[in-house]
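The residues making up each chain are set out below.
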Amino acid sequence: MKVLKFGGTSVGTVESISQVIEIIQGKMKTSQKLAVVFSAMGGVTNRLIEIGQMAAQGDMDYAEHLHSLEERHFNAIRGLIGVKHQSSLIAKVKVIINEIEDLLRGISLIRDISPRTMDLLLSFGERLSTTIISETLVSRGTEAHFIDARNWIKTDSLFNRATVDYEQTNSRIREGINSQDGVFCVTGFIASDAHGITTTLGRGGSDYTASIIGAAVNAEIVEIWTDVNGMMTADPRKVKKAFTVPEISYSEAMELSHFGAKVIYPPSLTPAFRNKIPVQILNTFNAEHPGTIVSEKSGSSAYSITGISSIDSISLVNLMGNGMIGVAGVSAKLFGLLAEHHISVILISQASSEHSICFAIQPEDAENVKQIIQTGFKYEFENGEIDQLVVQENLSILAVVGEGMKASTGTSGKLFSVLGRNGINVVAIAQGSSELNISVVISKKDISKALNAIHERFFEAEGTTLNLFIAGPTGLIGRTLLSQINTQSAYLKANKNLNIRIVGLVNSRKMTIDKEGIDLGQWKAAAEAGTPADLPAFVEDMKDLNLPNSVFVDSTANKDIVKFYANILSSNISIITPNKVANSGAQAQYDELKNLARKHNVQFLYETNVGAGLPIINTLQGLINSGDVIHEIEAVLSGTLAYIFNNFEVGRSFLEVVQEAKAKGFTEPDPREDLSGTDVARKILILARETGLSLEPEDVTITHLLNDACMEAPDVETFYEELIKDNGRFERMIEDARSRGEVLRYIARLKDGKAKIGLESIGKSHPFYNLSGSENIIAFKTERYKTYPLVVKGPGAGAEVTAMGVFADIISLSAYFN
């Protein structure tokens, strides 16, 4: 025999009840007997509580609310049963409604609703739904019997959460089941005491009813029909990639449901578990799905954990004092006091020093608990044995659960690594010796972020997902980067297990954020369809989303955006940028950003600050981290200036070459930004700081390439005119170099703690002699590379290589989060 239970959402509408009846009729094709337990229609129990409280307060509007409840049930009858058979069922329901009216009238008169009266009031929800469904089954040709569970299940008189008398109950259930065949439509949640007074079974009561019946008749299975496809790896409302766990043990189900998984309430299923009756969780609205089987043993799994669950809101109480160290009985006294006042403790953690003990409770109990402890430990507080009593609010508990943790090393390491990488602070930890559950207390604001990050790390074969917020998507580097990501995303997903999701875009005009991800093929339309740009609001929205593996990509050269870097890093969001402003400003700013990245365990990557896509900073950091000593750095660090002096020759004007470089996109809109040497000065300053030197921008010595008239020209066109006037000087420089068999290179040097830049004439023996196009080159002279410097050479300008460098930083970041 099978026992089925349908929850409130399953019997909430005409359509869902029709689906339930179809399921029941399908089951009856292979069975002579079926016990089916029904909850009240969705929301009815809560509505009855509200109506009862209104009546107790003398609010006569309760009658109007009851009428609304009555109409809901009448409408269900009209939708389920043909007109010819409606009247008798409507009459039955009307009798029940009249009973409710009489009860509410009495409550209203005495202005009070006791637990006993509340149990009676709440019983009507199940009685109404079960009456309607049993009659509907009969009208559709199925042999069905309405069973008032008060006649089967006997309890004590502890109202609201009665204790079952199993001896009497089992006898009554067996007698009732054996008396006839067909479908036994049983009211869930309700029972009666020895005097026939109505009681209820408390939270999860309808599950409990099904479990009691299943255990009494030794059912082959108890099926719990709800509105999800079984027990999930995480709450699908918070983790969209959560999936169904096919098999799970009783112990795992108990742990997951204790920490917030609302699919079942395992304590109410204890009778079935005790009798080793499997419980199957199924979806009324997707009846073909196999759901989850809960049985004595966990099923085989490729994962070290079975699921992740959480309690969204708890308070943490911390009791501290030197007088607790080595003193027996403190914990016993503490938890004895809490038990006396019916305070449920969710989690306990104690340091081995015994200096403190902390425990989690429901937030609504916090103030009461504080008073209980202050009163109960009055002597200890007065004598200084206990120093502090601290209650922390706005916290959550997250639990990873699974019997597989026993056989899998490193689960704790993975868990805390994921939390740390995403800047989530752990307030308290609890783990039992059974290794079935690791629970951590974290800030409430971080719970969604933590659930998604942990689920991705433990479950998702799709790999790591980076959530990108990009500043400057319509700029040359930004749009090139987005194009590269779009082109390469399929490869990265297939070969690197990496998903790159664009969540936010902001430029000088518009901004848009979509936490589900912006379609890479439609990013231009999304950017244009955004709201007016507001950079502070964009940063706040990015922080408020609090997504795991968040990365801010600044693809601009905007000085104002840099002002938000500290705030972004402090919010545990990594930054990747080609923007040199942050690292080439004041030394204090550089130090602050580096320190913030370390403090908040995030990444601040800026490989493209120097040399576009060339691995210059990574190479330098590798040398230093491996213990090498940097003696000198010599470099051509401007692709623009490299192109200009590689193409400037006798017979060509300097202006012509500058304009050609601009046309190819190698210069800024105003070429003076490149020709001034400021950009190169920033780059050598950044490299100097990477070696550990403390230098300010003014410490870099610049031998200027342009004269004052060129630099002070009011606009680009005037600058070009001044450059023509000064052409003779440049021609003389190129002729002098040519006469010596040399070439001109704009070189940056770092030696003896000093940085300088300027135009130099070099011969064929120099490694920079054979540069071509816009190539950059850098030579590291170190303790290990004394005779021959370590040289890095390649294209050092252009949107393609710069965007590629940014993209490479993004990909490298995925390993950090993995």
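The structure this text deals with has already been given above.
Residues numbered from 1 in each chain as written. Predicted model: local features only at pLDDT ≥ 70, side-chain atom pairs only at ≥ 80, totals over all residues. Heavy atoms only, no water.

1. A short note on the overall build of the chain
Part 1 of the argument: Across its full length, the chain carries 29 helices and 29 strands.
Part 2 of the argument: When the backbone C-alpha atoms are referred to their principal axes, the chain occupies close to 115 × 75 × 55 Å.
Part 3 of the argument: The buried share of the chain, reckoned over its 818 residues, is 53%.
Part 4 of the argument: Put simply, of all contacts in the chain between residues at least 6 apart along the chain, 72% involve residues at least 24 apart.
Part 5 of the argument: On the chain, roughly 35000 Å² of surface is accessible, and the fraction owed to carbon and sulfur atoms is 48%. (Helix = DSSP H or I, 4+ residues; strand = E, 2+ residues; numbered from the N terminus. Buried < 20%, exposed > 50% of the residue type's maximum accessible area, 1.4 Å probe, protein only. Contact = heavy atoms within 4.5 Å. Areas by Shrake-Rupley, 256 points an atom, 1.4 Å probe, with all protein chains shown as cover.)

2. What to know about the packing of aromatic side chains
Part 1 of the argument: In the structure shown here, the tally under the stated rule is 17 aromatic pairs.
Part 2 of the argument: Centroid distance F243 to Y303: 5.9 Å. Interplanar angle 45 degrees. Geometry classified as tilted. One end of the pair, F243, is in the loop between β7 (221–226) and β8 (247–249); the other, Y303, is in the loop between β10 (292–295) and β11 (307–320), and 60 residues separate them in sequence.
Part 3 of the argument: Summarising the aromatic geometry, the rings of F719 and Y720 are spaced 5.6 Å apart at their centres and angled 40 degrees between planes, so their arrangement reads as tilted.
Part 4 of the argument: Accessibility expressed as a relative area gives 0% for F719, which makes it buried.
Part 5 of the argument: For Y720, a relative accessible area of 8% corresponds to the buried category.
Part 6 of the argument: A cation sits over an aromatic face here: R421 above Y816, 4.3 Å from the ring centre.
Part 7 of the argument: Sitting above the plane of the F730 ring, R729 keeps its charged end 4.7 Å from the centroid. (Phe/Tyr/Trp six-rings, centres within 6.5 Å; stacked < 30°, edge-to-face > 60°. Lys NZ or Arg CZ within 6 Å of the ring centre and 35° of its normal.)

3. Digging into the packing of helix α4 (residues 86–110) against helix α5 (residues 115–139)
Part 1 of the argument: Two elements in contact, α4 and α5, have axes separated by 10 Å at closest approach and are oriented at 175 degrees. Here α5 runs roughly antiparallel to α4, going by the angle between their axes. Of the residues in α5, those in contact with L89, K92, V93, I96, I97, E99, I100, L103, L104 and I107 of α4 are T117, L120, L121, F124, R127, L128, T131, I132 and E135.
Part 2 of the argument: A per-class count over the contact of α4 with α5 returns 13 nonpolar, two polar and four charged. (Axes fitted to C-alpha atoms, helices over the stretch in contact; angles between N-to-C directions. Parallel < 35°, antiparallel > 145°, perpendicular 65-115°, else oblique. Nonpolar A, V, L, I, M, F, W, Y, C, P; charged D, E, K, R; others polar.)

4. Some details on the sheet that holds β7
Part 1 of the argument: On the basis of which strands lie adjacent, the open sheet formed by eight strands has the order β3-β4-β2-β1-β7-β9-β10-β8 and mixed pairing. Lying at the two open borders of the sheet, with one neighbouring strand each, are β3 (144–147) and β8. Recorded for the sheet is a direction-independent mean angle of 20 degrees between the axes of neighbouring strands.
Part 2 of the argument: Pairing between strand β1 (residues 2–6) and β7: five bridges, direction parallel. Looking at β7, one finds that V3 is bridged to V222.
Part 3 of the argument: Here helix α1 (residues 14–28) sits on the sheet in contact with β1, β2 (33–38), β4 (182–187) and β7, set at roughly 160 degrees to β2.
Part 4 of the argument: Where α5 meets the sheet, its contacts fall on β2, β3 and β4, and the angle it forms with β4 comes to roughly 165 degrees. (Pairing = 2+ DSSP bridges.)

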